[in-house]
Amino acid sequence: MPRYTLTLMGLEISFKTDADNVRIEAAQAFIENKHKELVSGAGDISKEKLLTYLLLSLADDYLVAEDKLKRLEGKIGEILEKTSTDPDR
(Lines give C-alpha, C1' and ligand atoms only; values in the text may rest on other atoms or scores of the structure.)
Protein backbone atom coordinates (compact mmCIF):
# COMPACT_ATOMS: atom_id res chain seq x y z
CA MET A 1 0.00 0.00 0.00
CA PRO A 2 1.55 3.35 -1.02
CA ARG A 3 2.45 5.93 1.60
CA TYR A 4 1.68 9.60 1.01
CA THR A 5 2.87 12.72 2.79
CA LEU A 6 0.88 15.88 2.10
CA THR A 7 0.81 19.39 3.44
CA LEU A 8 -2.74 20.66 3.86
CA MET A 9 -3.43 24.07 5.35
CA GLY A 10 0.07 24.16 6.80
CA LEU A 11 -0.19 20.74 8.44
CA GLU A 12 1.94 17.84 7.26
CA ILE A 13 0.17 14.49 7.30
CA SER A 14 1.35 11.01 6.31
CA PHE A 15 -0.89 8.06 5.58
CA LYS A 16 -1.18 4.84 3.62
CA THR A 17 -4.00 4.12 1.18
CA ASP A 18 -4.89 2.00 -1.82
CA ALA A 19 -6.05 5.13 -3.66
CA ASP A 20 -3.91 6.10 -6.63
CA ASN A 21 -1.93 9.32 -6.87
CA VAL A 22 -4.53 10.96 -9.15
CA ARG A 23 -7.27 10.51 -6.52
CA ILE A 24 -5.02 11.77 -3.74
CA GLU A 25 -4.10 14.88 -5.74
CA ALA A 26 -7.76 15.50 -6.62
CA ALA A 27 -8.77 15.17 -2.96
CA GLN A 28 -5.98 17.51 -1.90
CA ALA A 29 -7.02 20.12 -4.49
CA PHE A 30 -10.67 19.80 -3.45
CA ILE A 31 -9.85 20.36 0.22
CA GLU A 32 -7.55 23.29 -0.55
CA ASN A 33 -10.27 24.93 -2.69
CA LYS A 34 -12.87 24.45 0.06
CA HIS A 35 -10.39 25.91 2.53
CA LYS A 36 -9.89 28.99 0.33
CA GLU A 37 -13.67 29.47 0.06
CA LEU A 38 -14.07 29.35 3.83
CA VAL A 39 -11.09 31.59 4.60
CA SER A 40 -12.29 34.27 2.22
CA GLY A 41 -15.61 34.57 4.05
CA ALA A 42 -14.52 33.76 7.59
CA GLY A 43 -11.97 36.43 8.38
CA ASP A 44 -9.48 35.83 11.18
CA ILE A 45 -10.47 32.62 12.99
CA SER A 46 -8.54 29.87 14.75
CA LYS A 47 -7.30 26.84 12.84
CA GLU A 48 -9.55 24.60 14.97
CA LYS A 49 -12.68 26.53 14.02
CA LEU A 50 -11.57 26.67 10.39
CA LEU A 51 -11.07 22.89 10.32
CA THR A 52 -14.48 22.42 11.95
CA TYR A 53 -16.13 24.61 9.31
CA LEU A 54 -14.26 22.71 6.60
CA LEU A 55 -15.50 19.39 7.98
CA LEU A 56 -19.07 20.66 8.17
CA SER A 57 -18.88 21.99 4.63
CA LEU A 58 -17.52 18.70 3.29
CA ALA A 59 -20.13 16.71 5.23
CA ASP A 60 -22.87 18.91 3.79
CA ASP A 61 -21.52 18.44 0.26
CA TYR A 62 -21.46 14.68 0.83
CA LEU A 63 -25.01 14.56 2.17
CA VAL A 64 -26.33 16.66 -0.73
CA ALA A 65 -24.56 14.39 -3.25
CA GLU A 66 -25.85 11.27 -1.48
CA ASP A 67 -29.42 12.60 -1.60
CA LYS A 68 -29.08 13.45 -5.29
CA LEU A 69 -27.75 9.95 -6.01
CA LYS A 70 -30.70 8.34 -4.19
CA ARG A 71 -33.18 10.47 -6.17
CA LEU A 72 -31.47 9.60 -9.46
CA GLU A 73 -31.44 5.91 -8.57
CA GLY A 74 -35.16 6.15 -7.80
CA LYS A 75 -35.86 7.77 -11.16
CA ILE A 76 -33.81 5.13 -12.97
CA GLY A 77 -35.72 2.43 -11.09
CA GLU A 78 -39.04 3.99 -12.14
CA ILE A 79 -37.93 4.17 -15.78
CA LEU A 80 -36.76 0.56 -15.74
CA GLU A 81 -40.01 -0.55 -14.12
CA LYS A 82 -42.09 1.26 -16.74
CA THR A 83 -39.96 -0.19 -19.52
CA SER A 84 -40.23 -3.76 -18.22
CA THR A 85 -44.02 -3.57 -17.62
CA ASP A 86 -44.89 -1.65 -20.81
CA PRO A 87 -47.28 -3.94 -22.82
CA ASP A 88 -46.17 -2.31 -26.10
CA ARG A 89 -42.64 -3.66 -25.64
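All of these numbers come straight from a predicted model, not from anything done at the bench.

Draft legend 1. Molecular detail of the side chain of glutamine 28. The residue glutamine 28 is located in helix α1 (residues 21–42) in this model. Overall, glutamine 28 belongs to the buried group, its relative accessible area being 19%. Setting aside chain neighbours within four positions, we find glutamine 28 in contact with Leu6, Thr7 and Leu8.

Draft legend 2. Inspection of α1 at higher detail. In this model, α1 (22 residues) spans 31 Å end to end at C-alpha, consistent with the 32 Å of a helix rising 1.5 Å per residue. Taken together, the buried positions of α1 are occupied by Ile24, Gln28, Lys34 and His35. Down the axis, α1 shows its buried residues gathered within 130° of arc, on one side only. Those residues of α1 that are exposed and angled more than 90 degrees off the buried face are Val22, Arg23, Lys36, Glu37, Ser40 and Gly41. In this structure, the buried residues of α1 make contact with β1 (3–8), β2 (11–16) and α2 (47–85).

Draft legend 3. Quick look at the pattern of salt bridges. In the structure shown here, the tally under the stated rule is three salt bridges. With its nearest N and O atoms 2.7 Å apart, the salt bridge here joins aspartate 61 to lysine 34. Residue aspartate 61 is found in helix α2, and its partner lysine 34 is found in helix α1; the two are separated by 27 residues along the sequence. Two residues, arginine 71 and aspartate 67, come together in a salt bridge whose shortest N-O distance is 3.2 Å. With arginine 71 and aspartate 67 both in helix α2 and four residues apart, this pair spans about one turn of that helix. Classification of arginine 71 as partly exposed rests on a relative accessible area of 48%. Take aspartate 67: its relative accessible area is 41%, and that puts it in the partly exposed class. A cluster of three or more residues bridged by salt bridges with shared partners is formed by Lys34, Glu37 and Asp61.

What counts as what
- Residues numbered from 1 in each chain as written.
- Predicted model: local features only at pLDDT ≥ 70, side-chain atom pairs only at ≥ 80, totals over all residues.
- Heavy atoms only, no water.
- Helix = DSSP H or I, 4+ residues; strand = E, 2+ residues; numbered from the N terminus.
- Buried < 20%, exposed > 50% of the residue type's maximum accessible area, 1.4 Å probe, protein only.
- Contact = heavy atoms within 4.5 Å.
- Expected span 1.5 Å × (residues − 1).
- Arc of directions from axis to C-beta.
- Salt bridge = Lys/Arg side-chain N within 4 Å of Asp/Glu carboxyl O.

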